[in-house]
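# Inside the fold
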2 protein chains.
Amino acid sequence: MSAINERRERERAHRHQLIITTARELAEAEGWEAVTTRRLAERVEYSQPVLYSHFNGKDAIVSAVAIDGFSELAAHLRRARQAAPEPGQALRAVCRAYLEFATERPALYQAMFVLPTDLKFASAETPPPLRAAFGEFVSCFRLDNERRELFAEVTWSALHGMAVLSDSGRIPPDGQEERLDFLVTQIADSPAG
Amino acid sequence: MSAINERRERERAHRHQLIITTARELAEAEGWEAVTTRRLAERVEYSQPVLYSHFNGKDAIVSAVAIDGFSELAAHLRRARQAAPEPGQALRAVCRAYLEFATERPALYQAMFVLPTDLKFASAETPPPLRAAFGEFVSCFRLDNERRELFAEVTWSALHGMAVLSDSGRIPPDGQEERLDFLVTQIADSPAG
DNA sequence: ACCACATCCTAGCAACGCTAGACATCCTGT
DNA sequence: ACAGGATGTCTAGCGTTGCTAGGATGTGGT
């Protein structure tokens, strides 16, 4: 109603975002296991209950960070795809960008793809940024390819596996480049790649 | 030294295994978040501190479950590979068996590949069962292929991605079969597959 | 029979996610 | 201008977590 309420809403929205970015910073600096509601509250200079007046719980905060991450990922992939010299190089560029994103922001990546979240994937309520990111993979394949989505899913799965297995030390972190090269070659060398 | 001590050691080893299998059962029945040291202690009918006389902590228990899982996975993959009608079908059979394993024992799979563990991968102290499981993938490729390990790593990464993204609902659980088919086709259609 | 040792449990610590209820603060209507 | 009510925030605490110190109990060896 009044201008006062508008100001309050602005402040509230501002604080909402502050919580998200602070959680993300804390996670990127010390890992998600260091992100406790107490420490987070202290950093934003409010008491614990205010976190719960903005989010349903800790998982919801992680989800909010994840959504921000999806937007960034989508933009990152899109930039890479459009900067590719020729269409045939788009897939390679996008895949490389994906791995880059995962290795440079491991905590953010975890929030998006590893930690338990409330997010709905591949359904009606899927957040648009998430759809956009997935769409970048789909766009790497020719329009007349009836199985573009399938191609994209497998590509994404492979990249995710590489990212997460490498991050947790289950495959050697070096050699990502060779694996990437091999993957792209195999996927692209298909009837309708 | 005496027979009494031997009996004690036997009992201790027996209890050690009891803890592991109980933890696994509990995880498979209700998920790992339901596996607390208290509940686990109650189930094995001992107090909490005995768990810590066998393991360094909860993570070590998870790791122990994971190692058992690696043995089973290795055996499962080996069986599938050897049952393949012809060598050209080995890769497909092993990949299918891998996904089968992951979907039928999700909690065990999580202990092995998702949850934080103390395990060392791809190093000198890598547990033999783990090497064996990975070796089954390598064995699917021809001996004269200099990049067998690379092939195996990418194959494994892709399968892991499919398994974990599907399990967490990030890609639709149906269509695994088509994805598997596509993946195997692309990987196998290579100069030295 | 007695001592010494190993084994096991009770009890408790600090930290976790989360919430009820008191307190203060500010807007609103008369 | 001032009381009343709504809004917002904090203190304090609940139940649970992983983990551990220290005492009780019972067994084995001399």
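Predicted model, so just to flag it, every value in this text is computed and none were measured. (Residues numbered from 1 in each chain as written. Chains lettered and ligands numbered in written order. Predicted model: local features only at pLDDT ≥ 70, side-chain atom pairs only at ≥ 80, totals over all residues. Heavy atoms only, no water.)

### Some thoughts on the UniProt feature "DNA-binding region" (unreviewed entry) in chain A
UniProt's feature table lists "DNA-binding region" (unreviewed entry) at residues 36-55 of chain A, given in the numbering used throughout. Here residues 36-55 of chain A runs as 70% helix and 0% strand, with 14 Å between its end C-alpha atoms. (UniProt positions renumbered as here; feature names shortened; annotations may be inferred. Helix = DSSP H or I, 4+ residues; strand = E, 2+ residues; numbered from the N terminus.)

### Quick word on the protein's contact with DNA strand C
In the vicinity of DNA strand C lie 17 residues, with Thr36, Thr37, Arg38 and Gln48 of chain A together with Ser47 of chain B positioned nearest. In the environment of DNA strand C, a phosphate oxygen lies 2.8 Å from a nitrogen or oxygen atom belonging to the backbone of threonine 37 of chain A. Looking at the surface near DNA strand C, the elements that each hand over two or more residues are α2 (37-43) and α3 (48-54) of chain A together with α3 (48-54) of chain B. Split into classes, the residues belonging to the surface near DNA strand C amount to seven nonpolar, six polar and four charged. (Near = heavy atom within 4 Å. Polar contact = N/O pair within 3.5 Å; in protein donor to acceptor, adjacent residues only side chain to side chain. Nonpolar A, V, L, I, M, F, W, Y, C, P; charged D, E, K, R; others polar.)

### What about the nonpolar core?
Formed by 130 residues in total, the largest nonpolar core has its most connected members in Tyr98 and Phe137 of chain A together with Trp32, Tyr98 and Phe137 of chain B. For tyrosine 98 of chain B, the residues in contact, after removing those within four places along its chain, are Leu73, Leu77, Tyr109, Phe113, Phe137, Trp156, Leu159 and His160 of chain B. (Core = buried A, V, L, I, M, F, W, Y, C linked by side-chain atoms within 4.5 Å. Buried < 20%, exposed > 50% of the residue type's maximum accessible area, 1.4 Å probe, protein only. Contact = heavy atoms within 4.5 Å.)

### Notes on the packing of aromatic side chains
Evaluation of the coordinates by the stated rule reveals 18 aromatic pairs over all chains. Here the aromatic rings of tyrosine 109 of chain B and phenylalanine 113 of chain B are separated by 4.8 Å at their centres, their planes lie at 55°, and the arrangement is tilted. Pair noted here: tyrosine 109 of chain B and phenylalanine 113 of chain B are both in helix α6 (residues 106-113), with a separation of four residues, about one helical turn. The residues tyrosine 109 of chain B and phenylalanine 113 of chain B share a single accessibility class, namely buried. Every member of this aromatic cluster is reached through a ring pair, and the members are Phe70, Tyr98, Tyr109, Phe113, Phe134, Phe137 and Trp156 of chain A. (Phe/Tyr/Trp six-rings, centres within 6.5 Å; stacked < 30°, edge-to-face > 60°.)

### Description of the side chain of arginine 15 of chain B
Residues and elements named next belong to chain B. Locating arginine 15 in the fold gives a position in helix α1 (residues 3-30). One buried charged residue, arginine 15, forms no salt bridge at all, with the nearest opposite charge on glutamate 11 at 7.4 Å. A polar contact is formed between the side chain of arginine 15 and the side chain of histidine 54, at a distance of 3.1 Å. Not counting residues up to four positions away in its chain, the partners in contact with arginine 15 are Tyr46 and His54. (Lys, Arg positive; Asp, Glu negative; His and termini not counted. Salt bridge = Lys/Arg side-chain N within 4 Å of Asp/Glu carboxyl O.)

### Description of the pattern of salt bridges
Residues and elements named next belong to chain A. Here the structure, examined in full by the defined rule, presents 22 salt bridges over all chains. Linking glutamate 30 and arginine 43 is a salt bridge whose minimum nitrogen-to-oxygen distance equals 3.5 Å. Here the residue glutamate 30 occupies a position in helix α1 (residues 3-30), and arginine 43 occupies one in helix α2, the gap between them amounting to 13 residues. Take glutamate 30: its relative accessible area is 34%, and that puts it in the partly exposed class. Through salt bridges with shared partners, a single network forms among Arg24, Glu28, Glu72 and Arg105.

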